[in-house]
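# Structural features, examined
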Amino acid sequence: MIIYQGTPKIETKRIILRKMEYIDAQSVFDNWISDERVTNNRVNAAHKSISETVERVAKIVSGYKNKEFCYWGIELKESHELIGEIDLYNFDQSTGNCEVSYSIGYKWWNQGYGTEALPAIVDFSFRCMNIHKISAAHNTDNPASGKIMSKVGMIQEGILKHMIRNSKNQYKDCAVWGILQEDYLKNNVK
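As the structure is a prediction and not an experimental result, all values here were calculated from the model.

## So, the packing of helix α4 (residues 113–128) against helix α5 (residues 143–151)
Where α4 contacts α5, the two axes come as close as 9 Å, and the packing angle between them is 45°. Classified by the interaxial angle, the pair formed by α4 and α5 is oblique. You can see that α4 and α5 cross each other, and the crossing is right-handed. Across the interface between the two elements, Gly 114, Thr 115 and Leu 118 of α4 pack against Ile 148, Met 149 and Lys 151 of α5.

Next comes the structure, spelled out in structure tokens:
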């Protein structure tokens, strides 16, 4: 059974995973959601105006009222700059499974921030929420995301042809990954 915890603050060596706030809208817009290099790997199009982002952030902030809402901003400890987001979603109470997704601003790609954020959320999910299985998917033309998933112990379970249609109306094949709580805990004894 899933033990919902909401979105608690989680710290790692270089980042703070925290609830987003209304004042984050400009950073979200500037740092990733308006950048097509980032949004090309997402279903939704890059935001063209800050008003789109304000609306999106307001929706996220209102979600925090619900304990089943798990959505973190990724903030650099040193500069307090918001550089991305990571969330758990599609909770299935009957199986105890969920999915994870994340986006990091292009300026911070290949610096290990995804490799730092994902394990923190996976660990929290398994140890605190009693999640049974976490799944994730990435466009096959974005293999760097698969490397992040692999580093946390996720196993590629297959490729789904034309799994999504991106904002440019292009179908994308996606690699689907997963990790079981029992496997994670066996390999990450504390």
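What follows picks up the thread again.
## Overview of the packing of aromatic side chains
Evaluated as defined, the whole model comprises six aromatic pairs. Relative to Trp 109, the ring of Tyr 106 lies with its centre 4.8 Å away and its plane at 65°, an arrangement referred to as edge-to-face. Exposure remark for Tyr 106: the relative accessible area of 36% places this residue in the partly exposed category. Here Trp 109 falls in the partly exposed class, since its relative accessible area comes to 30%. Among the aromatic residues, ring-to-ring pairing joins Tyr 64, Phe 69 and Tyr 71 into one connected group. The positively charged end of Arg 37 is found above the aromatic ring belonging to Tyr 106, 3.7 Å away from the centroid.

Definitions and limits used
Residues numbered from 1 in each chain as written. Predicted model: local features only at pLDDT ≥ 70, side-chain atom pairs only at ≥ 80, totals over all residues. Heavy atoms only, no water. Axes fitted to C-alpha atoms, helices over the stretch in contact; angles between N-to-C directions. Helix = DSSP H or I, 4+ residues; strand = E, 2+ residues; numbered from the N terminus. Parallel < 35°, antiparallel > 145°, perpendicular 65-115°, else oblique. Left-handed = near helix turned anticlockwise from the far one by under 90°. Contact = heavy atoms within 4.5 Å. Phe/Tyr/Trp six-rings, centres within 6.5 Å; stacked < 30°, edge-to-face > 60°. Buried < 20%, exposed > 50% of the residue type's maximum accessible area, 1.4 Å probe, protein only. Lys NZ or Arg CZ within 6 Å of the ring centre and 35° of its normal.

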